[in-house]
Each structure stands twice: as C-alpha cells, then as structure tokens.
Amino acid sequence: MSKIIYQCLIFLLCLLVLVGCWDRTELNEQAIWLASGFDVGKEDGLKVSGQIVIPANMQNQNGGSKGKDHFILSDEGVNLGDAFQKMEAKLSRKGFYGLRKVFFIGEELARRGISKELDNVTRGSEVSIRTDVFVVKGDTAINVLNVSNPLEKPSAIAALKEHQQIGGRGSTVFLDFLNAANSDGLRPTIPLIEITETQTGENSDKKESIVQVAGLGIFNKELKMVGMLNQTENQDLLWILGYLPKHTLSTPLRDGNATLQLHHLSSKIKPVIEKSNHITFKVELSGEGTLFENNTLLNPEKKSDLKEFEKAFNELAKKQVLSTIKKVQSESGQDIFGFGEVIHRKDPRKWKDLKDDWDQYFTQADVKVTTKIKINNIGITGPSVLNKNGGS
Amino acid sequence: MGTLFVKVVLWMFKKSKTKKNSKEMIKSLPKPDLKSEYLFSDLELNEQLLKELFQNCSDIVFRAIQENNKTKILLIYIDGLIDTKSLEADVIKPILYDGLPNGITKVHSIGEVIEQKQLAISQVSHVEKVQDLVDGILKANVGILVDGESKAILASLQGYEKRGVEEPQTEVTIRGPRDGFTESLRTNTALLRRRVRSSRLKMETFSVGELSQTDLVITYIDGIAPTGLLEELRDRISRIQIDGLLGSEFLEEFIEDAPYSPFPQIQNTERPDILIGNLLEGRVAIIVDNSPFALIIPMTFWSGFHAVEDYYERFMYTTFIRFIRFNLILISLYLPSIYVALTTYHPKLIPTTLLISIAAAREGVPFPALIEALIMEFMFEGLREAGIRLPKAVGSAVSIVGALVIGQAAVQAGIVSAPMVIVVATTGIASFAIPRYNFGLAFRMLRFIMLILAGCFGLYGIIIGFIALTIHLVNLRSYGVPYFTPVSPLNYQELKDTIIRAPRWSLHIRPTFISEGDKTRIPKGQKPRPPKGEPRE
C-alpha cells in the first residue's frame, strides 16, 4: 500500500519539475500598458496608440529620474485586434494590459461612432472593466498620451486622478457607459478632456501643456457623440444621477457674493404621466453644505440671514440644473439623466409604449426642479472678518 | 534517462525492504548475566566478583576498612559521583573510631548495626543481588559490604558536580520567575515540588536505556491528568529499546504520534513555571535526567504559539501581541510565496504604483522571481545556521557579512531586486517572532514548499498548499487530543485562551479535551470591582 503511495508521490514530484514550461511571466518581461488611445485611421480604419511605462526610468533610488517615464507606441489597423497585432512587432516585451486604467477616444472617432470598436475592449479577460474613459475635445488621443504631468509619475494616471478629484465617476465610467449603451431609458455619456496650456516661466510664451477635465460628451443610441456639456453642466448631471460626492456653488448675494461647498448630495426623480403621454418630471435635489466664503454683510450666525443664504443657493442650484436639462433636451435630445429608466422601473407597462419613441417624449417632457439645500456648517467665523460692523 | 530513473526508484524500494533487526544488535552486546545471582557471604569472593565486573573502570574505588581489627568492611563507590567529605565524616569515621557499640545484645548482623547506629545518612537501602548492588553503585550510591554477610547496604551520598539553577536561555521573560531546569533530575523535581505543595503532584520514575540506564520522571497531577493518556505514555515508554537515552529529545522521537509530520506534537520547556501551568491544565510532563528540557504531552497548535510572557502580562496587551504574532506566523509562512505568485502570475492584483515600482526594481534582474526568492531564502537560512554554531566573538561577523553581501551588494550588483530583500527580511523577522523554536522550524521548512508551489502554480498553488496544510493540522493528534483544539473541534469556552487571552478570572474551566475529572479551575464571580458605597476620605 505504502509502495503505491511512494510511487505516486515520486511521479507527482516529477510532474512538478519536468514539465518546464509554466505560464509564468516575470514583471520585467512585460510591457506595462497604462493607457490606450483610439483615433480615426486611414480608410475607415483605426489608429491605436498606447502609453507604456519604462520601469528603469521610474526608479528614483539614486536621486531623480534619468529620463522619460513612458513612451508612446501607435499603429493603424482595420480594427483594434489588427492594430494591436501590428504593434506587437514594435515591442520587445509581452504587452500587459491588466493595469490599463484609462483610455482616450479622439473627438473625430467619437463623432464617427464607437460601437464597432468596443468589442475588443470588453472581450479580453485580462483587461479590467474598471476603466476610466475620456473623449478628447478637439484633439486626438495620441496627443493626450504625449502630455506629461509634473505630479503623477505615470502621467496617464493624472487624467484619472483629476477626474476623481473633482468628483467625477472615475473608474466606473466605462461600466456605466456599457450599462447605458444596453439600456433604453438612459443614454451613455463619456467625460471630456482637453489639452490646455499653463504658464510655467516668467515669460508668457514659456508654456507647458496640461490636460484638464472639460465636461461631458453625450452619445446617442448608435454610440455616436452628438453633443457636449461643460463642466458645470456635467456636475448637474452627476447630481441628478446621484454620483456626485461634492459640489461647489457660488452666487452673487446682495452687494457681495458667497460660496457653498455641498456634500451628502442626493436626488429623486418623480415622473407624472398624463393620459396624452405628456410627461412631467419632478426632480428633487438635496444636499448639505459648508459655507466656504462669505463676502457679504450678512451674518450667518443669525437665523434670518442664514435663511437668506440658503434661499440664494437654492435658487441658484435650481436655475442651473433646470437650464442644463433644458439645454440637453433642446440641443442633443438624448436622455442622459436616466428619466426613462425611472419610468421603466416605476411603470414597466407604460414604458413599453414609450420606449420606442423615447427620444421624442424626452425632448417634449416638462421638468420641474426643486432643491433642498441646507447649510449646516458656517465655518469658524460668523460674519465676514472684513465686515465686522456689518449685519443688517 | 527514463530507465535510470526507474532503476533508482526500484533501488529505493529494495532498500526499504531489508530491515535490520536492531533488537538483536543490542542484545548481542557483552554483558555479564547477573540478574539471578546473589551476593556471597564471603567478602573476598564478593570483592573478587565486583573487581572482575569493574575491570578497567579506573573511577571505581574499593576501600577496605577493618573494624576493631576483626570485621572487614568494604566500601565501593564511584569517584566523582560521591560526596567524599560526607563519606569520610559520616561513614568511615564512625566505623573506624567508634567501633561497634558494646551495648547491643540482639543483632542479626553487623550490617544492621552499622546501618542503624553508625551511618549518619538519610537514604539507606539493602540489596541482596549482585545486579542491584552494581546498579546502586552506578547510580552514585556507596555500596557497603560486610564480611560474612550476603547483604549489602547502599548509602546515598550523591555529590557530583552540577550546574546551578540559572535563567533559561531559550525562554526568556521580562516578568516572571527566572529559574530554569538543569541537567540534574532531582533539582528539577525539587523546582516542581516547590511550586505545587500537594500530594496530588505525582512523580513516577522509569529507567530507560540498555547501557545508559537514564532515569526519567513522569509527572502529573492526580485527578486532573487523564488516566488513559498516562497509561498510553507508560506503555510507549516501556516499549523503548535503546542503548543510551541522552536527553529528552531522544525520547520525544520515540513517543510522538505522527513522526512524519513537520509539526512538533510534544512541547518542550526549560521552565518549571510553564511545566506546572501545563500540569494544571491536565497535561503530563516527562523530565529526563541529564536534560534541561522537559517534555509536555499533549501539545496543541495554540500552545506552540503562546509565549511565557503571555501569562505574566495583563490580558489586553497579551491579546494584542497574540494577534500580531498570529499574523507574523502567516507572514513567515506565506509572504515570499505570495510575492512570487503575485508578481509572476497575477500582476493585476497589485496596485498600479506598487507594481510599477516593483517592475522598476526588477529591471535587469537575471533570474525569475521564484529562483530569486529561493536564493535569498537559502542564503538567509544559511546565515542563520552559521550564526548559531559560531562562538559569540565571531558571531557578529556573520551578521556584517550577511547584511553587506545579501542586503546591499546583491541588490547593487543587480542579482536580486530590492523588494525581494524586503520580503525575505520581513519573513525572517516574522519567523523569529514564533515563541516556540521547534514550532517555528516547521513553518520555516514549509515556507520552501509553499514557495515552490507558488512558483509553479501561482495563487492556485498557495491555496492548494494552504488546504493541504489545514487538512494535515486538523487531522493531527497528540495522544488522542486533536492538534487544533479548541478551534477544531470548536469549543467556545476554551477559545478564551487561543488567539486571545481572556482575563484570568474568566478562564473558568480546564481544557475539556485534555483534562479529566473536575473541570472547574477558577470558580465564577471573581471579577474584581471597586468597593461599594461612598469613596473613602
């Protein structure tokens, strides 16, 4: 009996050692692909570019870095697979896409439509679905990849961090995009990014490029970009969708102005459907805030004055959000707010009638916005320091 | 290649078949058969017989005395084992100077007179057989033979050189007693008796070893130690056939349950307080002469991971430290293998910036991570091994060489990457944090197996290793007690002294799996509280 066990053990040990080719790949045999860029190529093709880390230059043990921390590789092909295949010939190492946190889409490609290009991105098992996506406003993706960031070592991370920093969706953008693309009552959106310049030296002509989050691209059902929103409008949208973690409102008030920082933001959408299929949406937004700046004569320590602050901010928010919704309704006519999904959830039968012409219904729907903003923290000073004698 | 391999395998099997009969080898050693022989009544014959037995034993002393010019008395003892001063004062002087008292009328023998009237010694016994006399003399007694009598007196006059009670080297505490066991069995039993002044503390003496005749003592507390376990232990000890038992470590390998397990199933300690603590939990201990390490049976996984200090510090701190220690055990076992698995198979699981810095550090390293880890672990174990044997004066050289060669030069030369050095160093520190040395050895060894599994199969291999290890640990038994008790099989009451240590007043019962009889150890309701009423002025 024990003889058999011994024989099995020795056999198994041999298996362990003699098979030789394990599917292991060492880290220094892989090219770490941090970001991809997709642009329009020649003849309806696609131009794919990638930002790849140069690990040797990342090491800063002995003082500063020796050179650029990344390099850009690009090639064209009929589709993604073709382009990647061609790019392999330029790489001495095996590409590792598992950590690709962000990809950029050139504006031209976004307007052409990206429905055919996304299959490869979702099919491969090694690519994470937790990816941030940007449409490059007025430029190509490869140009964004080339912009280096002074703070972030792998500069592709900079865009992602900026996005999270200002209260965007961050790494869930791609997932949200896919969800929206597959649903009838919500149109997909992708945040915009643009390249701007910042003055670095004393001379105004010494400038450095830097990327900046610039709003939102609106896509239609065919996944073509049909409209854009600016950054403020983008935040209004995120507030309605319930993604916004923080928000800043600035309003003129009396003879000065004031700024409020909001958190604990939430939203509620109530559809009212009439017999004639005319729909009215009641959007309820709420949030709590900290008074960030007060350049008025008002004293927030007084209850009546605090009410005045709240009233001003409420009106501002209401006006802003309403104008954003109206703009989307009139300009692109795409339901990026998920109003359709709300009806879908609330009245699935009714939704069956509505969903085929949803773009039509959406543009014609009435929207009422109510906001409930509360100031629960006025900071450590009461009235403005400079207006001590103030307060009506 | 293949046929060679088969041949090697076949040869191995053949070899295992031809067992040598070790029993016969011991039996064939030359030894006079004296079991049945009795002493002669003639002193000269006895002397001749003993001198023949102790031929070429230069440490045996034959001292003949003539009492009143009449009766011959012969003292036989081993030089060096006997307190010579006491022998002179308490045995030889009274016989030589006082002589036999005249007042005695009815005596059966002169020997009896000597024993009763003239030996100022506390422990005295009679023997009639030659073998018993020889054994007695070898166990540091003085044999006294009187002419014309077939009886001998054995007087206990042990007085050999022995080490004093010192602080144990292997189990150091900050708080707690500083005495440790020595090589002398009697000193050790005395240390125990001082701690438990009860007749229920039993000490059974056995003698093991064909030639060495080593004394060993099984000690336990009557009514708490399980009788089944005791019987099993006595049985296992009586089965041992060995020429010489040179220490408790020899015994351990004969009486453990699973000799092929990497985990020790018998705990050893140098500290009497640990031993008594274990006896009070219902365990049984064995103390072997000439060994400062006592054995404690049965051992569980958790006792391997408890330190002396745990019971001398307040419970909160102990719980915290045990939590850290438990994590360190996991680190010492798994860290290198997890590092290898993650970097070679699952880089996606590493955060981006960390991955990039690891990749940067690995740039230019010629070996795969597995080989790198094996080299480093090998060097580390080698350094440790070298450091143990070296004399203290040279010992520091090892650490310098180790730190310079392994730590810095290897990284600068690009042979190993810096993160690997960190991993191996962390693992090393973690393995030093395991309080029981032989328990830590098991993890040190298993670490290499885990490393190879991780290098071959990635995290999958580690999981396989983990499952196999857990199955083994849960299956393992030490004298019928599951190794993993009280975690598996689960007992909530006893969990109070495993990863956590509850305050002492709440440790009400003895471990159910180990002890027998009354389980209550500390009656309930002893939680201290401030006095009731108004605070005093």
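In this text, all values refer to a predicted model and were calculated from it rather than measured experimentally.

(A) A look at the environment of Thr470 of chain B. With respect to the helices, strands and loops of the structure, Thr470 of chain B is situated in helix α17 (residues 459-475). Separated by 14 residues in the primary sequence, Thr470 of chain B and Phe484 of chain B have C-alpha atoms spaced 9.5 Å apart.

(B) Representation of the environment of Ser303 of chain B. Residue and element names in this part refer to chain B. The residue Ser303 is located in the loop between β10 (294-297) and α11 (315-344) in this model. Under the relative-accessibility criterion, Ser303 is labelled buried at 9%. For the pair Ser303 and Pro435, spaced 132 residues apart in sequence, the C-alpha to C-alpha distance is 9.6 Å. Every residue in contact with Ser303, bar those within four places of it in the chain, is listed here: Gln267 and Arg436.

(C) Just the UniProt feature "transmembrane region" (unreviewed entry) in chain B, in detail. Residues and elements named next belong to chain B. Under the UniProt annotation, "transmembrane region" (unreviewed entry) lies at residues 323-342, 354-378, 390-410, 416-434 and 446-474. The distance separating the terminal C-alpha atoms of residues 354-378 is 26 Å; by composition the span is 76% helix and 0% strand. Here residues 390-410 is 90% helix and 0% strand, with 24 Å between the C-alpha atoms at its ends.

(D) View of the side chain of Ser184 of chain B. All names here are of chain B. For Ser184, the position within the fold is in the loop between β5 (152-156) and α7 (185-195). The class of Ser184 is buried, set by a relative accessible area of 4%. A polar contact of 2.9 Å, which involves the side chain of Ser184, links it to the side chain of Thr187.

(E) Representation of the sheet that holds strand β12 (residues 279-294) of chain A within the structure. Residue and element names in this part refer to chain A. Strand order across the open sheet formed by four strands is β10-β11-β12-β13, with mixed pairing between neighbours. Across the chains shown, the open sheet's two edge strands, defined by having one partner strand only, are β10 (246-253) and β13 (366-377). Across the sheet, the axes of successive neighbouring strands diverge by a mean angle of 35 degrees, strand direction being ignored. Where β12 and β13 come together, 11 bridges link them in parallel fashion. In the strand pairing of β13, Gly287 is matched with Ile373. Of the strands in this sheet, β10, β11 (256-273), β12 and β13 touch helix α9 (residues 231-241), which is tilted by about 50 degrees from β11.

(F) Broad picture of the domain arrangement of chain A. All names here are of chain A. The assigned domain composition of chain A is domain 1 (28-58 + 65-229) and domain 2 (231-392). The C-alpha-based centres of domain 1 and domain 2 are spaced at 31 Å. Taken together, the 25 residues of domain 1 in the interface contact 26 residues of domain 2. Taken together, both faces of the contact between domain 1 and domain 2 bury some 1,800 Å²; the carbon and sulfur share is 59%. Per-residue buried area on domain 1 facing domain 2 is highest for Gly185, Arg187 and Leu229; these three make up 31% of the total on that side. Across the contact surface, domain 1 and domain 2 share eight residue pairs in polar contact (both at pLDDT 80 or more). If you list the elements that add at least two residues to the side of domain 1 that touches domain 2, you get β8 (207-219) and β9 (225-229).

(G) Structural context of a nonpolar patch on the surface. Residues and elements named next belong to chain B. A cluster of nonpolar side chains, namely Phe367, Ile371, Ile375, Phe378, Met379, Ile400, Val401, Leu404, Val405 and Ile415, defines an oily patch on the protein surface of about 850 Å² accessible area. Going through the elements one at a time, α13 (369-389) and α14 (392-412) are the ones with two or more residues in the nonpolar patch. Of the residues examined, Phe378 reaches a relative accessible area of 61% and is grouped as exposed.

(H) Structural view of the domain arrangement of chain B. Its domain assignment divides chain B into domain 1 (43-156), domain 2 (185-299) and domain 3 (317-482). Relative to domain 3 of chain B, the C-alpha centre of domain 1 of chain B lies at a distance of 63 Å.

(I) Highlighting the interface of chain A and chain B. Contact residues are listed per partner, giving 33 residues for chain A and 28 residues for chain B. For the pair chain A and chain B, the two sides together bury roughly 2,600 Å², of which 72% comes from carbon and sulfur. For the interface between chain A and chain B, the tally reads two salt bridges. Here Glu26 of chain A makes a salt bridge to Arg362 of chain B, at a shortest N to O gap of 3.3 Å. At the boundary of chain A and chain B, one finds six residue pairs in polar contact (both at pLDDT 80 or more). Secondary structure elements with two or more residues in the side of chain A that touches chain B: α1 (2-18), β1 (30-40) and α2 (55-58) of chain A. Looking at the side of chain A that touches chain B, the element that brings in the most residues is α1 of chain A, giving six residues. Across the side of chain A that touches chain B, the residue classes tally to 17 nonpolar, nine polar and seven charged.

(J) Molecular detail of the packing of α11 of chain B against α13 of chain B. Residue and element names in this part refer to chain B. Interaxial distance between α11 and α13 falls to 9 Å at its minimum, and their mutual angle equals 160 degrees. One element, α11, and the other, α13, form an angle in the roughly antiparallel class. Crossing of α11 against α13: the hand is right-handed. Contacts between α11 and α13 involve Pro336, Val340, Thr343 and Thr344 from the former and Ala369, Leu370, Ala373 and Glu377 from the latter. Of the residues belonging to the contact of α11 with α13, the class tally is five nonpolar, two polar and one charged.

(K) A look at the sheet that holds strand β3 (residues 124-127) of chain B. All names here are of chain B. Here we have five strands laid out as an open sheet, ordered β1-β2-β4-β5-β3, and antiparallel in their pairing. Single-partner strands in this sheet number two, and they are β1 (60-67) and β3. Looking at each pair of strands side by side, their axes are set apart by 25 degrees on average, direction ignored. Strands in contact with helix α3 (residues 43-53) are β1, β2 (71-78) and β4 (141-146); relative to β2, the strand with the most contacts, it is inclined by about 15 degrees.

(L) View of the packing of aromatic side chains. Residues and elements named next belong to chain B. Within this structure, the stated rule accounts for 28 aromatic pairs over all chains. Aromatic pair Tyr334 and Phe466: ring centres 6.2 Å apart, planes at 55 degrees, arrangement tilted. Here Tyr334, found in helix α11, pairs with Phe466, found in helix α17; they are 132 residues apart in sequence, far enough to count as distant. Overall, the relative accessible area of 42% leaves Phe466 in the partly exposed class.

(M) Spatial organisation of the pairing of β10 of chain A. Burial of the side chains of β10 of chain A is restricted to one face: His247, Leu249, Thr251 and Leu253 of chain A are buried, whereas none of Lys246, Thr248, Ser250 and Pro252 of chain A on the reverse face is. Where β10 of chain A hands over to β11 of chain A, the hairpin turn is made up of two residues, of which Arg254 of chain A adopts a positive phi near 50 degrees.

(N) View of the packing of α9 of chain A against helix α10 (residues 303-331) of chain A. All names here are of chain A. Two elements in contact, α9 and α10, have axes whose closest approach is 9 Å; the angle formed by their N-to-C orientations is 95 degrees. The angle between the axes of α9 and α10 places the two elements in the roughly perpendicular class. Between α9 and α10, the residues in contact are Thr232, Glu233, Asp236, Trp239 and Ile240 and Ala317, Gln320, Val321, Thr324, Ile325 and Lys327, respectively. Residue classes in the contact of α9 with α10 are distributed as five nonpolar, three polar and three charged.

(O) Spotlight on the UniProt feature "domain: Spore germination GerAC-like C-terminal" (unreviewed entry) in chain A. The UniProt record marks residues 215-379 of chain A with the feature "domain: Spore germination GerAC-like C-terminal" (unreviewed entry), using the residue numbering of this structure. Annotated as residues 215-379 of chain A, this span is 38% helix and 39% strand, and its ends, taken at the C-alpha atoms, are 30 Å apart.

(P) Here's a closer look at unusual backbone geometry. Residue Pro298 of chain B is reached from Ile297 of chain B by a cis peptide bond, and omega for that bond is -10 degrees. With respect to the secondary-structure elements, Pro298 of chain B resides in the loop between β10 and α11. Backbone torsion omega between Thr485 of chain B and Pro486 of chain B reads 5 degrees, so that peptide bond is classified as cis. Examined against the element boundaries, Pro486 of chain B turns out to sit in the segment after β12 (481-482). In this structure, Asp44 of chain A is a non-glycine residue whose phi angle is positive, near 60 degrees. One can find Asp44 of chain A in the loop between β1 and β2 (46-53). Relative accessible area serves as the criterion here: at 67%, Asp44 of chain A is assigned to the exposed category.

(Q) Just the confidence of the model for chain B, in detail. Residue and element names in this part refer to chain B. Put simply, chain B has an average pLDDT of 85, and 90% of its residues get 70 or more. Confidence, expressed as mean pLDDT per element, reaches its minimum in chain B at helix α2 (residues 22-27) with 47 and its maximum at strand β9 (residues 284-288) with 95. Low pLDDT, under 50, characterises residues 16-31; the stretch is placed with six contacts to residues that sit more than four places away or in other chains.

Calculation criteria
Throughout, residues of each chain are indexed from 1 in the direction in which the sequence is written. Whichever chain is written first becomes A and whichever ligand is written first becomes 1, with later ones labelled in order. Two thresholds apply to this predicted model, a pLDDT of at least 70 for residue-level local features and 80 or more for giving and counting side-chain atom pairs, whereas whole-chain, interface and lining totals are computed over all residues. In computing side-chain values, all of the structure's heavy atoms are included and hydrogens and water are not. By the criteria applied, helices consist of DSSP H or I runs no shorter than four residues and strands consist of E runs no shorter than two, each listed in order from the N terminus. Buried, partly exposed and exposed residues are distinguished by accessible area as a fraction of the type maximum, computed with a 1.4 Å probe on protein chains only: under 20%, between the cut-offs, and over 50%, respectively. By definition, residues are in contact when any of their heavy atoms lie within 4.5 Å. UniProt positions are given in the numbering used here, feature names are shortened, and annotations may be inferred rather than shown by experiment. Under the rule applied, a polar contact is a pair of N or O atoms within 3.5 Å (in protein, one hydrogen donor and one hydrogen acceptor; residues adjacent in sequence only if both atoms are side-chain atoms). At least two DSSP bridges between two strands are required for those strands to pair. Fitted lines through C-alpha atoms give the axes, limited to the stretch in contact for helices. The angle between two N-to-C directions lies from 0 to 180 degrees. An automatic or database domain assignment provides the domain bounds reported here. Summed over both partners, the accessible area (1.4 Å probe) lost when two parts come together is defined as the buried area. Note on patches: the residues involved have over 30% relative accessible area and no salt bridge, like charges join within 9 Å, and the nonpolar side chains Val, Leu, Ile, Met, Phe, Trp and Tyr join within 5 Å. To measure how exposed things are, a 1.4 Å probe is used in the Shrake-Rupley method; for residues, cover is taken only from the protein chains shown. The term salt bridge refers to a pairing of a side-chain nitrogen on Lys or Arg with a carboxyl oxygen on Asp or Glu at a separation within 4 Å. We call Asp, Glu, Lys and Arg charged. Ala, Val, Leu, Ile, Met, Phe, Trp, Tyr, Cys and Pro are nonpolar, and the rest, Gly among them, are polar. Angles are sorted into four bins: roughly parallel if under 35 degrees, roughly antiparallel if over 145, roughly perpendicular if 65 to 115, and oblique for all others. Handedness of each helix crossing follows the sense of rotation of the near helix against the far helix: counterclockwise by less than a right angle gives left-handed, clockwise gives right-handed. Stacked, tilted and edge-to-face are the three classes applied to pairs of Phe, Tyr and Trp rings, where Trp contributes its six-membered ring and a pair requires centres within 6.5 Å; stacked means planes under 30 degrees apart, edge-to-face means over 60, and tilted covers the rest. pLDDT runs from 0 to 100 and stands for how confident the predictor is about each residue.

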